Amino acid sequence: MSFEIWENARLATMQEGQDANYGLIEDGALVVEGERLAWVGMRAEMPAQYRHGAVLHDAHHALITPGLIDCHTHLVYGGHRANEFELRLNGASYEDIARAGGGIKSTVQATRLATEAQLFEAATKRLTNLLKEGVTTLEVKSGYGLSLAQEAKCLRVARQLAQHHPVQIKNTFLGAHAVPPEFQDNPDAYIDSVVAMIEPLKAEGLIDAVDAFCDRIGFTYSQTEKVFKEAQRLNLPVKLHAEQLTDSHGASLAAQYGALSCDHLEWLSEEGAAAMSKAGTVAVLLPGAFYFLRETKLPPIELLRQHQVPMAISTDSNPGSSPCTSILLMLNMACTFMRLTPQEALAGVTRIAAQALGLKDRGSLNAAQRADFVLWDVKHPAELAYAFGSNPCLSTIWGGRVRETPSVQNHH
Ligand code: NIG
Ligand code: FE
């Protein structure tokens, strides 16, 4: 049995209950055994047995945090929507564009035309940016294919991304993202077909959870419920794009189905927050979408705190509302726009993000958790949320192994 020891570091363990101060350990040590952490604590207290024949790594006074977790992305898609960005700057709104057949639908068209190899290549560039900032686990949603074959294509690409890159990916089926053109006048019939896609996609091993977009440009409460019923029948956890543009009571609905998370939540009501609290549902805040759509209504952070709803932060990386591949920028925006504390924000991309994905084996530095952690060129964890436009990631350890720094990928 051989151990690897990481020492000469300050640890932000983000352990539960230690929230007041990031679970900080000055002069800490991490003992890694295989893919797991065997021991975490103050170096002076490390049991002598671990030193026997151990490989020593000097962290040179780096700050070490858990690997970052991006729990809400739409990373696999074709094309981009810079044209719509221009339209918005010329006066159109996100909803106007969606209603005129642009928005999600234009990405659906581009995604359907793309091959798996093309989607893989485009998503790899985006993934590479996330990896460079210490992301070790992420979620990828489908929702730009909108037919069984096209959704399966995108979900397979997500599985391939995880096979070919040192990262773990949870796949979420978001068939109920928009109504595709062939069902334009019959959203209910489309929902029936979404319901029918879940079982075969699950049988192919392509999905880990089911999501829907419940809003006035998405699906209604009862359409969403049909999707959730089928997910529940198949034992798949659910989550929801809820109350982004209106209060559609999606959060309460999702909570009834024991949702892992409700995401966006700008228009969340007190009733919705209470339901989430009772169900243990995580609130996923998406400051990139809030910023890029120039929303003015903030998610009710104080209400979430009062009801002790855990808050995660994510990029929502997607071509329409958040063309962003920087989790560190989201930390900053969660603090500046949403007034989270740097400590809440860091928990939101570590321990709480793991909870939003239903993962119990990561998200904090704890014995028996996965050895996913990041060395940062900062002294204090607040610096991670404070600075923006820079990347102090020194190296990432994923499953106990130092991860190769991904090479810089250019656009052309
Ligand atoms: O999370 N709200 C729905 N879905 C995405 C946006 C998708 C798009 O505009 O392409 C979101 O914001
Ligand atoms: Fe989203």
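In short, a report on the structure. (Residues numbered from 1 in each chain as written. Chains lettered and ligands numbered in written order. Predicted model: local features only at pLDDT ≥ 70, side-chain atom pairs only at ≥ 80, totals over all residues. Heavy atoms only, no water.)

Describing the overall build of the protein
Inclusion rule: Starting at the N terminus, helices and strands are each numbered in turn, a helix being any DSSP run of H or I of at least four residues and a strand any DSSP run of E of at least two. Only protein chains enter the accessibility calculation, which uses a 1.4 Å probe; a residue whose area is less than 20% of its type maximum is buried, one above 50% is exposed, and one in between is partly exposed. Contacts were defined at the residue level, with two residues in contact if any of their heavy atoms lie within 4.5 Å. Method for areas: the Shrake-Rupley scheme with a 1.4 Å probe, in which residue coverage is limited to the protein chains shown. In this tally Asp and Glu are treated as negative and Lys and Arg as positive; neither His nor the chain ends contributes. Throughout, a charge is located at the NZ atom of Lys, the CZ atom of Arg, the CG atom of Asp or the CD atom of Glu.
Scanning the protein for helices and strands turns up 15 helices and 15 strands. Along the first, second and third principal axes, the C-alpha set of the protein runs to 70 × 45 × 45 Å. Going through the 412 residues of the protein one by one, you find that 60% of them count as buried. Taking contacts inside the protein between residues at least 6 apart in sequence as the whole, the part at least 24 apart equals 72%. On the protein, roughly 16,700 Å² of surface is accessible, and the fraction owed to carbon and sulfur atoms is 52%. Both charge centroids of the protein, one from 35 positive and one from 46 negative side chains, sit 2 Å from each other.

Thoughts on the environment of Glu 16
Inspection of the secondary structure assignment puts Glu 16 in the loop between strand E1 (4-12) and strand E2 (24-33). Distance from Glu 16 to Leu 346, taken between C-alpha atoms, is 13 Å for residues 330 residues apart in sequence.

Thoughts on the coordination of the iron ion (ligand 2)
Ideal values for angles at a metal depend on the geometry: 109.5 degrees with four tetrahedral donors, 90 or 180 degrees with six octahedral donors. Formally: The donor set comprises N, O and S atoms within 2.8 Å of the metal, extended to 3.2 Å for Na, K and Ca; water molecules are omitted, so apparent gaps in a site may simply reflect that omission.
At this site the iron ion (ligand 2) is bound by His 72 (NE2), His 74 (NE2), His 241 (NE2) and Asp 316 (OD), with donor distances of 2.1 to 2.3 Å. Mapping the donors of the iron ion (ligand 2) onto the primary sequence yields the spacing H-x1-H-x166-H-x74-D. With a gap of 244 residues between them, His 72 in the loop between strand E5 (68-70) and helix H1 (82-89) and Asp 316 in the loop between strand E12 (311-313) and helix H12 (327-336) connect regions that are remote in the sequence. Each of the two residues, His 72 as well as Asp 316, counts as buried.

What about the site of ligand 1?
Applicable threshold: Only a single heavy atom is needed: when it lies within 4 Å of a molecule or strand, its residue is near that molecule or strand. Identification of polar contacts relies on pairs of N or O atoms within 3.5 Å, with a donor-acceptor requirement for protein atoms, meaning one able to donate a hydrogen and the other able to accept it, and with residues adjacent in sequence counted only if both atoms are side-chain atoms. With a 1 Å grid laid over protein atoms only, a set of points is called a cavity when a 1.4 Å probe fits there but cannot get out and a pocket when it is open yet has protein on both sides within 12 Å along at least five of seven lines; lining residues have an atom within 4 Å of a point. Each molecule is assigned to a cavity or pocket provided more than half of its atoms lie within 2 Å of the corresponding grid points.
Around ligand 1 there are 15 residues in total, and Arg 81, Tyr 94, Tyr 144, His 177 and Ser 321 lie nearest to it. Between His 241 and ligand 1, the recorded distance is 3.1 Å, taken from a side-chain N or O atom to an oxygen atom. Notes on ligand 1: free accessible area 330 Å², of which the protein chains cover 100%. Using a 2 Å cut-off from the grid points, one finds that ligand 1 occupies the largest cavity.

Some points on the pattern of salt bridges
Using the following cut-off: A pair is scored as a salt bridge if a Lys or Arg side-chain nitrogen falls within 4 Å of a carboxyl oxygen belonging to Asp or Glu.
What the rule picks out here adds up to 24 salt bridges. Of the charged contacts in the structure, one is a salt bridge between Lys 239 and Glu 139, with a shortest N-O distance of 3.2 Å. Of this pair, Lys 239 sits in strand E9 (residues 239-242) while Glu 139 sits in strand E6 (residues 135-141), and the two are 100 residues apart along the sequence. Looking at Lys 239, the relative accessible area reads 1%, which means it is buried. On the accessibility criterion, Glu 139 (0% relative accessible area) is buried. In this structure, a network of salt bridges that share partners links the residues Glu 7, Asp 27, Arg 43 and Arg 51.

Some points on the sheet that holds strand E14 (residues 393-398)
Which entries qualify depends on this criterion: Pairing between strands is defined by DSSP: at least two bridges between them are needed.
Overall, mixed pairing links the seven strands, which are arranged E3-E2-E1-E4-E13-E14-E15 in an open sheet. A strand with exactly one partner marks an edge of an open sheet, and here the two such strands are strand E3 (36-42) and strand E15 (401-402). As paired strands, E1 and E2 are joined by seven bridges and run antiparallel to one another. Opposite Glu 4, over in E2, you have Val 32 as the bridge partner.

Some remarks on the pairing of strand E4 (residues 55-66)
Looking along a regular strand, one sees side chains alternate from face to face of the sheet. Sheet analysis places E1 next to E4, joined by seven bridges and oriented parallel. Note that in E4 the partner of Leu 11 across the bridge is Ile 64.

Here we look at the nonpolar core
To keep it simple, the criterion reads: Side-chain atoms within 4.5 Å link the members of a nonpolar core, which is a set of buried Ala, Val, Leu, Ile, Met, Phe, Trp, Tyr and Cys residues.
Within the largest apolar cluster, 113 residues are counted, with the highest numbers of intra-cluster contacts made by Val 76, Leu 138, Phe 173 and Trp 376. Contact partners of Val 76, with chain neighbours within four places excluded, come to Leu 119, Ala 123, Arg 126, Val 140, Tyr 144, Cys 154, Val 157, Ala 158 and Leu 161. Core analysis: the second largest hydrophobic core is formed by 16 residues, Leu 30, Leu 365, Ala 371 and Leu 375 among them.

Regarding the layout of surface pockets
Stated precisely, the cut-off is as follows: Grid points are joined across faces, edges and corners, and a volume is the space filled by probe spheres set on the points. Throughout this entry, Asp, Glu, Lys and Arg are counted as charged residues, while Ala, Val, Leu, Ile, Met, Phe, Trp, Tyr, Cys and Pro are counted as nonpolar. The remaining residues, Gly among them, count as polar.
Roughly 610 Å³ of volume is contained in the second largest pocket. Residue classes in the lining of the second largest pocket are distributed as 11 nonpolar, 11 polar and seven charged.

With respect to the side chain of Arg 88
Checked against the element boundaries, Arg 88 lands in helix H1. Lacking a salt bridge, the buried Arg 88 has Glu 84 as its closest oppositely charged neighbour, with an N-O distance of 6.5 Å. Discounting chain neighbours no more than four positions away, the residues touching Arg 88 are Ser 93, Tyr 94, Ile 97, Phe 292, Leu 293 and Gly 320.

A look at the environment of Glu 4
Relative to the helices and strands, Glu 4 resides in strand E1. C-alpha separation for the pair Glu 4 and His 57, spaced 53 residues apart in sequence, amounts to 7.4 Å. Excluding anything up to four places from it in sequence, Glu 4 contacts Leu 30, Val 31, Val 32, Val 55, His 57 and Arg 401.

What to know about unusual backbone geometry
In the Ramachandran plot, Met 14 falls in the positive-phi region, its phi being about 55° despite a non-glycine side chain. Within the secondary structure layout, Met 14 lies in the loop between E1 and E2. Taking relative accessible area as the criterion, Met 14 reaches 2% and is therefore assigned buried.

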